[in-house]
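Breakdown of the fold
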Amino acid sequence: MKYNRFKYRWKLWEFSINWGCNFGCPYCWYGEKPEFREIEDEMFLKQLQLFLRHAARNKKGEPRFGISFFRTESSLSADKMRKYVPILYDHGCVKYATTTNGYAWTKEDLEFLRKWNFEVLFSFEGTRQRQDIMRPLYGGQSSYDRVVDNILYYRDLGGNLLVLTLLIPETYQTIKEGVEAILSLGVPLYINVAIMHITPWTDDELRDLSRRLRPIAEMVMDDPSIIPRLGPYPKIIRRLVKWRGYNIHDPGTCGAIKGSIATDIDGSIYTCHWGVGIDAFKIGHVDTGLDYEKMARIANGACATGLSMIPYMNSCRVINYYFTGDMHRIPEIYTKVYHAYWKGLLEPVWNKMLTDRLYREKVLTLLGIKTTKKVSKRIPKAKIMRIVEGVLSHEC
């Protein structure tokens with residue numbers, strides 16, 4: 001299988017500025033704290049030059065791309081970020097993002113992020129009880145107060161932020177309390193499910209998960225103004241609701257390789273941030289170049305993560321590989337978990353949009369979706385559910 005090395009242009013660089021963390025989250029590192037290391041300046045410049053050779057360009061042929069400081073805790077390398085961001089800007093970087101536990105930032109650091117219009121994703125669980133269980137400092141101390149202060153400070157600066165809260169078997173029972181606490185801060189929230197977790201989900205837990213997600217869906221049905229702030233609703237509505245005759249055919253695809261790559265602090269190049277450190281997803285090194293044949297095999301595989309009418313059913317290649325040993329085979333646990341997620345959180349709201357015209361119009365207005373064609377009165381719900389059920393049972 002031949003790979004056209006000039007066909008794709010990378011729009012996103014998922015960059016590891018260090019390796020290590022100051023938290024002792026039970027679902028991460030499997031309880032072992034890695035030795036903290038930062039990238040060397042020379043290595044950063046070598047990675048930048050390689051990325052620029054494949055970066056997306058504007059009509060004038062100038063590089064235009066975004067960077068995400070991801071995978072490890074970027075706040076521990078704030079000084080290096082201050083040094084690198086102006087260099088990135090000079091070479092065509094126009095969008096900046098970072099994912100963080102939110103603890104180690106100073107006010108000056110957050111002001112720097114705001115100056116450069118960083119999109120900051122704070123991993124935070126809402127209540128003190130949930131935060132202390134899921135995101136304690138390494139050593140067990142509470143991180144709650146400092147993280148809340150930093151979220152509120154960045155919010156008050158007018159920063160672009162999003163809070164991520166996680167569903168894992170140990171704490172999903174209190175998800176409603178966590179969601180209410182985060183929404184009370186006046187910030188947008190994204191609810192995600194951990195698949196690759198040291199404690200596996202059982203069928204009974206997944207049934208209970210659907211039941212406990214239902215009150216959140218009911219909150220949204222009672223007050224649609226929550227929708228723009230509560231992920232994944234904006235994304236799923238835009239994807240599922242194709243208002244030109246309810247055409248919901250919108251296969252999701254992964255942008256890895258075709259639109260983005262990830263690097264580690266030692267110069268290895270990977271398909272994406274989740275693949276960092278896994279040899280199956282290593283596609284090169286800054287000193288030896290890219291393995292184009294391997295890139296082709298990964299990017300053009302049979303399933304290529306793409307099949308789904310539900311945005312969260314396009315299974316990740318890394319998750320596929322972790323559970324099945326085949327990056328293009330969707331594991332059963334993935335379909336089970338997201339089926340529970342769909343039934344509890346998403347389906348009730350979607351069904352109300354299908355059947356309640358006033359509610360539907362409110363949601364469309366809130367999301368800024370304009371219709372140019374009259375919506376059919378007959379809603380092909382049965383067809384939608386057939387597609388959904390087909391996806392849930394799909395196996396590549």
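Quick note: structure is the one above.
Overview of the structure. (Residues numbered from 1 in each chain as written. Predicted model: local features only at pLDDT ≥ 70, side-chain atom pairs only at ≥ 80, totals over all residues. Heavy atoms only, no water.)

With glycine set apart, most residues show a phi of negative sign, and most peptide bonds adopt trans. Cis geometry is adopted by the peptide bond preceding Pro232, which originates at Gly231 and carries an omega value of 10°. You can see Pro232 is positioned in the loop between strand 9 (230–231) and helix 8 (233–240). At Asn117, a residue that is not glycine, the phi angle is positive and equals roughly 55°. Within the secondary structure, Asn117 is located in the loop between helix 3 (107–115) and strand 6 (119–123). Judged by its relative accessible area of 48%, Asn117 falls in the partly exposed class. You will see that Ile257, though not glycine, has its phi angle at about 75°, which is positive. (Helix = DSSP H or I, 4+ residues; strand = E, 2+ residues; numbered from the N terminus. Buried < 20%, exposed > 50% of the residue type's maximum accessible area, 1.4 Å probe, protein only.)

Turning next to the pattern of salt bridges. Tallying each qualifying case throughout the model produces 18 salt bridges. Across the pair Arg37 and Asp266 runs a salt bridge, and its minimum N-O distance is 3.2 Å. Separated by 229 residues along the polypeptide, Arg37 in strand 3 (residues 37–38) and Asp266 in the loop between strand 10 (260–263) and strand 11 (268–270) bring together distant segments of the chain. Arg357 is the partner of Glu361 in a salt bridge, and the nearest nitrogen-oxygen pair spans 3.0 Å. (Salt bridge = Lys/Arg side-chain N within 4 Å of Asp/Glu carboxyl O.)

Let's shift gears to helix 12 (residues 357–366). Along helix 12, the positions that sit buried rather than exposed are Tyr359, Arg360, Val363 and Leu364. Seen end-on, helix 12 carries its buried residues on one side only, within an arc spanning 135°. In helix 12, the exposed residues that point more than 90 degrees away from the buried face are Leu358, Lys362 and Thr365. For helix 12, the capping residue at the N-terminal end is Asp356, with a side-chain oxygen 3.2 Å from the backbone nitrogen of Leu358. Phi turns positive one or two residues past the end of helix 12, at Gly368, with a value near 70°. (Arc of directions from axis to C-beta. Polar contact = N/O pair within 3.5 Å; in protein donor to acceptor, adjacent residues only side chain to side chain.)

Time to look at the packing of helix 2 (residues 78–90) against helix 3. Geometrically, a packed helix pair is captured by the angle between its two axes and the distance between the axes. Two elements in contact, helix 2 and helix 3, have axes whose closest approach is 11 Å; the angle formed by their N-to-C orientations is 25°. As judged from the angle between their axes, helix 2 and helix 3 are roughly parallel. Crossing of helix 2 against helix 3: the hand is left-handed. Contacts between helix 2 and helix 3 involve Ala78, Met81, Arg82 and Val85 from the first element and Glu108, Asp109, Phe112 and Leu113 from the second. Tallied by class, the residues present in the contact of helix 2 with helix 3 amount to five nonpolar, no polar and three charged. (Axes fitted to C-alpha atoms, helices over the stretch in contact; angles between N-to-C directions. Parallel < 35°, antiparallel > 145°, perpendicular 65-115°, else oblique. Left-handed = near helix turned anticlockwise from the far one by under 90°. Contact = heavy atoms within 4.5 Å. Nonpolar A, V, L, I, M, F, W, Y, C, P; charged D, E, K, R; others polar.)

Moving on, we get to helix 9 (residues 292–299). Burial runs high along helix 9: six of the eight residues are buried. The set of residues buried in helix 9 consists of Tyr292, Lys294, Met295, Ala296, Ile298 and Ala299.

Turning our attention to a negative patch on the surface. Taken together, the side chains of Glu38, Glu40, Glu42 and Asp79 present a region of like negative charge at the surface. By the secondary structure assignment, Glu38 is in strand 3. (Patch = residues over 30% accessible without salt bridge, like charges linked within 9 Å, V, L, I, M, F, W, Y side chains within 5 Å. Areas by Shrake-Rupley, 256 points an atom, 1.4 Å probe, with all protein chains shown as cover. Lys, Arg positive; Asp, Glu negative; His and termini not counted. Charge placed at Lys NZ, Arg CZ, Asp CG, Glu CD.)

Taken across its eight residues, strand 7 (residues 160–167) has six buried, putting it largely inside the fold. Bridge analysis of strand 6 against strand 7 gives five bridges, and the strand direction is parallel. The residue of strand 7 that forms the bridge with Leu121 is Leu162. Each parallel crossover has a hand, and for strand 7 linked through helix 6 (residues 175–183) to strand 8 (residues 189–193) it is right-handed. (Pairing = 2+ DSSP bridges. Right-handed = clockwise from strand over helix to strand, strands pointing away.)

This part takes up empty space enclosed by the protein. Within the structure shown, the criterion is met by one cavity of 30 Å³ or more. In this structure, the largest cavity spans a volume of roughly 40 Å³. Every residue lining the largest cavity is listed: Tyr233, Ile236, Ile237, Leu240, Leu346, Val349, Trp350 and Met353. Elements represented by at least two residues in the lining of the largest cavity include exactly helix 8 and helix 11 (332–355). A class-by-class count of the residues in the lining of the largest cavity yields eight nonpolar, no polar and no charged. (1 Å grid on protein atoms, 1.4 Å probe; cavity = no way out; pocket = protein on both sides within 12 Å on 5 of 7 lines; lining within 4 Å. Points joined across faces, edges and corners; volume = space filled by probe spheres on them.)

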